[in-house]
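Below are the chains, spelled out letter by letter.
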Protein chains: 2
Amino acid sequence: MANNKKITIAVDAMGGDNAPGEICKGAIEACKKFSDVEIILTGDEFKIQSCLKNFKISPQIRVVHTTEIIQPDEHPALAIRKKKDSSMRVAMEMVRSGEAQGFVSAGSTGAIVAGGVLIVGRLSGIDRPALGVPLPTIERPSFMLDVGATVRCTPNNLLQFALMGNIYSRKILKVQNPEIKLLSNGTENIKGDDTVLGAKELIRKRENLNFQGYIEGNDIVWGRADVIVCDGFNGNIALKMGEGIMQGLKSLLTDEVKQSLMARLGILFMSGVVKKLWTRFNYEKYGGTPLLGVNGAVIKAHGRSKSPAIVSAISAARDFIDEDGAEQISDDIN
Amino acid sequence: MANNKKITIAVDAMGGDNAPGEICKGAIEACKKFSDVEIILTGDEFKIQSCLKNFKISPQIRVVHTTEIIQPDEHPALAIRKKKDSSMRVAMEMVRSGEAQGFVSAGSTGAIVAGGVLIVGRLSGIDRPALGVPLPTIERPSFMLDVGATVRCTPNNLLQFALMGNIYSRKILKVQNPEIKLLSNGTENIKGDDTVLGAKELIRKRENLNFQGYIEGNDIVWGRADVIVCDGFNGNIALKMGEGIMQGLKSLLTDEVKQSLMARLGILFMSGVVKKLWTRFNYEKYGGTPLLGVNGAVIKAHGRSKSPAIVSAISAARDFIDEDGAEQISDDIN
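What counts as what
- Residues numbered from 1 in each chain as written.
- Chains lettered and ligands numbered in written order.
- Predicted model: local features only at pLDDT ≥ 70, side-chain atom pairs only at ≥ 80, totals over all residues.
- Heavy atoms only, no water.
- Helix = DSSP H or I, 4+ residues; strand = E, 2+ residues; numbered from the N terminus.
- Rg over C-alpha atoms; globule rule 2.2 N^0.38 Å.
- Buried < 20%, exposed > 50% of the residue type's maximum accessible area, 1.4 Å probe, protein only.
- Contact = heavy atoms within 4.5 Å.
- Pairing = 2+ DSSP bridges.
- Axes fitted to C-alpha atoms, helices over the stretch in contact; angles between N-to-C directions.
- Phe/Tyr/Trp six-rings, centres within 6.5 Å; stacked < 30°, edge-to-face > 60°.
- Lys NZ or Arg CZ within 6 Å of the ring centre and 35° of its normal.
- Core = buried A, V, L, I, M, F, W, Y, C linked by side-chain atoms within 4.5 Å.
- Buried area = accessible area lost by both parts, 1.4 Å probe.
- Salt bridge = Lys/Arg side-chain N within 4 Å of Asp/Glu carboxyl O.
- Polar contact = N/O pair within 3.5 Å; in protein donor to acceptor, adjacent residues only side chain to side chain.
- 1 Å grid on protein atoms, 1.4 Å probe; cavity = no way out; pocket = protein on both sides within 12 Å on 5 of 7 lines; lining within 4 Å.
- Points joined across faces, edges and corners; volume = space filled by probe spheres on them.
- Nonpolar A, V, L, I, M, F, W, Y, C, P; charged D, E, K, R; others polar.
- Least-squares fit on C-alpha atoms with pLDDT ≥ 70 in both.
- Patch = residues over 30% accessible without salt bridge, like charges linked within 9 Å, V, L, I, M, F, W, Y side chains within 5 Å.
- Areas by Shrake-Rupley, 256 points an atom, 1.4 Å probe, with all protein chains shown as cover.

S.K.: What should I look at first to understand the overall build of chain A in this one?
M.R.: Broken down by element type, chain A carries 13 helices and eleven strands. Relative to the 2.2 N^0.38 estimate, which gives 20 Å for 334 residues, the radius of gyration of chain A is 20 Å and therefore close to what a compact globule would have. Across the 334 residues in chain A, those meeting the buried criterion constitute 57%. Relative to all contacts within chain A whose residues are 6 or more apart in sequence, the contacts with residues 24 or more apart total 70%.

What follows is the structure, given as structure tokens:
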């Protein structure tokens, strides 16, 4: 931290599969780790306090009581508009008013995106926001955006995503001169649909971007780009496909190992390797998913987040605020 | 086989990374397996004959000499139009003339699609062709289409893919009442872009289709549909992502095992399980990728195909011809 200013982050304590327990635990752990962070937990005060009482009271945490919760199956924009006293909306209002500089939630992705636009507000010059995710890959972490904020894009939306991804990669992920690629259905120049082809021309013309053309699906896992630009539909397919395969393999392997003594012995010998690979690809250490293009640090944590993932998300919000992420993007776009 | 009629399949001997050696070997093996199949190998006669001489001469195989080869990096439609004496085009001309009923190639996907439309010809009533791939998954094989023939689709294209996938799943893959799903960025009803939403309404209205709504990326690996409908762009991303992860994991595991004695011991104990999983997910046994919507059995084999994959592709062509696949699709569409 360059100076001694405090960073205030509003955390939606009621969002996600493990709320409020793991959210509160994550907030406590983050306060221990970052002495410059103050956290406002929004949600059911009674439930939050009964989670917090398991830990030593931290003067860095305060609770703001709210009476509503946005559920994952609600229509995102309607829920954000109607549920004025929801834990998510109240936390976002704090970013708009300046009471907090950052927001973290493991709640509904759609509602976070809707709230990012409707409550926190878009940055001037940005047409559509993008959710970016740092992906663990073989060679290096890649930052992929959009993975779900803007379903289909114009070439200009994709150009803006490239610019935002470039800033995030340089400033927050500390990559020098990030290599930017556009997700396409092949690497040859003739590949791509009209939107992707149009975006390729726009991004290529932009100065100060290290644009390296197309990336295809099988190169994502090898980490053959620092920033991968795509629309929210394709980003969702790629990300979910990856998640599904990892879960599927884990489940198959567990079943097989249960059925065979030899395999049980084998997995014992291999536990070092399995643990190493697991740690390498564990998304929890890669922090939250920033919603870029809005006027503040808005970080989504995975719906299944446990406390370490919440700490990572709070850490990502803190870095984004410290680096003036929103201003940096705004300066670069305008 | 219902009767004793012969089935003639034209095989492009020069297409793919392992041509012509593995293609010729696959043709020989297919003839041993299927006594009702006759194969015409198109390509450089000298090279083909020197591959064939390693095996017992089969009266089921004949060679047609061609002087040109379509390379993977050529513009597909231009190459098909210009290279009139290419191994691929000559084999496709045989399907058009009726000299052969089926076509198999491990060559350029783009050229196979272009040739399917320009040389073999579209079925009446079909606007765009689709490449379908039988995917090995956890619960059951799923048939996914399109994976690369039609980059972006209209809702009506996707409806036609659903109808073609339904026929292929029932007739060739022998699935009773196949469950059809549309690939989307989530399973909730509000998900999807305009095209996917439009296709959902069209497919839902169609009688005699067991349509079950959306499937998302992480459900593909579990096999939560018999037929997965998508455009060629998304199909390519999903398929390549899956391939990349499997290759990446294999490479990482190999490296780790090399570095650790314990892991080497472990993998010995686990060899049964690894072999079982490998067999289960080995694409070679799942045969080729049919190009649906054209007037004949056009089967693409993977570019890296070795002889077992060529046998599978020939087997898929034989089944498609035996079941009158093209007529079945034509009847259903019109």
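Moving on, there is more to tell.
S.K.: Sorry, what's going on with the sheet that holds strand β9 (residues 227-229) of chain B here?
M.R.: Where strands meet in a sheet, backbone hydrogen bonds hold them as pairs that are either parallel or antiparallel. All names here are of chain B. Spatial ordering of the open sheet is given by β3-β2-β1-β4-β11-β10-β5-β6-β9-β7-β8, a layout of eleven strands whose pairing is mixed. Each of the sheet's edge strands pairs with one partner strand only, and the pair in question is β3 (61-65) and β8 (210-215). Averaged over all pairs of adjacent strands, the angle between their axes in this sheet comes to 25 degrees, without regard to strand direction. Here three bridges tie strand β7 (residues 179-183) to β9, and the two strands are oriented parallel to one another. By the bridge assignment, Ile180 is partnered in β9 with Val227. Packed on one face of the sheet, helix α12 (residues 307-322) meets β1 (7-12), β2 (37-43), β4 (102-105), β10 (289-292) and β11 (297-300) and runs near 140 degrees to β1.

S.K.: Mind showing me how you'd approach the packing of aromatic side chains here?
M.R.: Aromatic ring pairs: the centre-centre distance and the angle between the two ring planes describe each pair. Counted under the stated rule, the structure contains four aromatic pairs over all chains. For the ring pair Phe143 of chain A and Tyr168 of chain A, a centre distance of 4.6 Å and an interplane angle of 15 degrees mean the geometry is stacked. With a gap of 25 residues between them, Phe143 of chain A in strand β6 (residues 142-145) and Tyr168 of chain A in helix α6 (residues 155-172) connect regions that are remote in the sequence. Seen in terms of ring centroids, Tyr168 of chain B and Phe320 of chain B are 6.0 Å apart; in terms of plane orientation they differ by 35 degrees. Their pairing is tilted. With Tyr168 of chain B in helix α6 (residues 155-172) and Phe320 of chain B in helix α12, this pair connects stretches of sequence that are 152 residues apart. Like Phe320 of chain B, Tyr168 of chain B is buried. Aromatic rings pair up to connect Phe143, Tyr168 and Phe320 of chain A into one cluster. Lying across the ring of Phe233 of chain A, Arg152 of chain A places its NZ or CZ 4.2 Å from the centre.

S.K.: How should the nonpolar core be read in this particular structure?
M.R.: Where a protein is soluble and globular, its nonpolar side chains tend to be buried together. One finds Ile39, Leu41 and Met144 of chain A together with Ile39, Leu41 and Met144 of chain B to be the most contacted residues of the largest nonpolar core, which totals 219 residues. Other than its neighbours up to four places away in sequence, Leu41 of chain B contacts Val11, Ala13, Cys24, Ala27, Ile48, Leu52, Ile61, Arg62, Val63 and Val64 of chain B.

S.K.: How do you make sense of the interface of chain B and chain A when you look at a structure like this?
M.R.: How big an interface is tends to be reported as the loss of accessible area on association of its parts. Residue-level contacts link 52 residues of chain B with 52 residues of chain A. Taking both sides of the interface into account, the surface hidden between chain B and chain A amounts to around 4,800 Å²; carbon and sulfur atoms contribute 74%. Applying the counting criterion to the chain B and chain A interface returns four salt bridges. Of the charged contacts, one joins Lys240 of chain B and Glu216 of chain A as a salt bridge, the two residues approaching to 2.4 Å between their closest N and O atoms. Between the two partners, chain B and chain A, sit six residue pairs in polar contact (both at pLDDT 80 or more). Among the elements of the structure, α8 (217-220), α9 (232-259), α10 (261-269) and α11 (271-280) of chain B are those that each provide at least two residues to the side of chain B that touches chain A.

S.K.: Mind showing me how you'd approach empty space enclosed by the protein here?
M.R.: Once rolled over the atoms, a probe with the size of a water molecule shows which space is left empty. Summed over all chains, the structure comprises two cavities of 30 Å³ or more. Space inside the largest cavity adds up to approximately 40 Å³. Lining the largest cavity, in full, are Asp12, Met14, Gly15, Ile69, Ile70, Ser86, Ser87, Met88 and Gly107 of chain A. Of the residues contributing to the lining of the largest cavity, the split by class is four nonpolar, four polar and one charged. One number sums up the size of the second largest cavity: a volume of about 30 Å³. If you trace the second largest cavity, you find it lined by Asp12, Met14, Gly15, Ile69, Ile70, Ser87, Met88 and Gly107 of chain B. For the lining of the second largest cavity, a count of residues per class yields four nonpolar, three polar and one charged.

S.K.: How should the relation of the copies chain B and chain A be read in this particular structure?
M.R.: Applying a rotation about an axis and a shift along it to one chain copy brings it onto the other copy. With an RMSD of 0.0 Å, chain B superimposes on chain A once it is rotated by 180 degrees and translated 0.0 Å along the axis. One copy is carried onto the other by what is essentially a two-fold rotation axis. No C-alpha of chain B approaches the rotation axis more nearly than that of Gly266 of chain B, which lies at 1.9 Å. Both copies present the same face, since 100% of the interface residues in chain B are matched by interface residues at the equivalent positions in chain A.

S.K.: Would you take a moment to explain a nonpolar patch on the surface for this structure?
M.R.: Residues and elements named next belong to chain A. Taken together, the side chains of Leu261, Leu265 and Leu268 define a hydrophobic patch exposed on the protein surface, amounting to about 310 Å² of accessible area. Tracing the backbone through its elements, the reader meets Leu268 in helix α10 (residues 261-269). Overall, Leu268 belongs to the exposed group, its relative accessible area being 59%.

S.K.: Looking at this model, I keep getting lost on the side chain of Thr42 of chain B. Mind explaining?
M.R.: Residue and element names in this part refer to chain B. As for its position among the elements, Thr42 is in strand β2. A relative accessible area of 0% places Thr42 in the buried class. A polar contact is formed between the side chain of Thr42 and the backbone oxygen of Ser87, at a distance of 2.7 Å. Excluding its chain neighbours within four sequence positions, the residues that come into contact with Thr42 are Val11, Asp12, Ala13, Met14, Ile48, Val64, Thr66, Ser87, Val90, Ala91 and Met94.

Bear in mind that shape data such as this cannot, by itself, settle questions of function.
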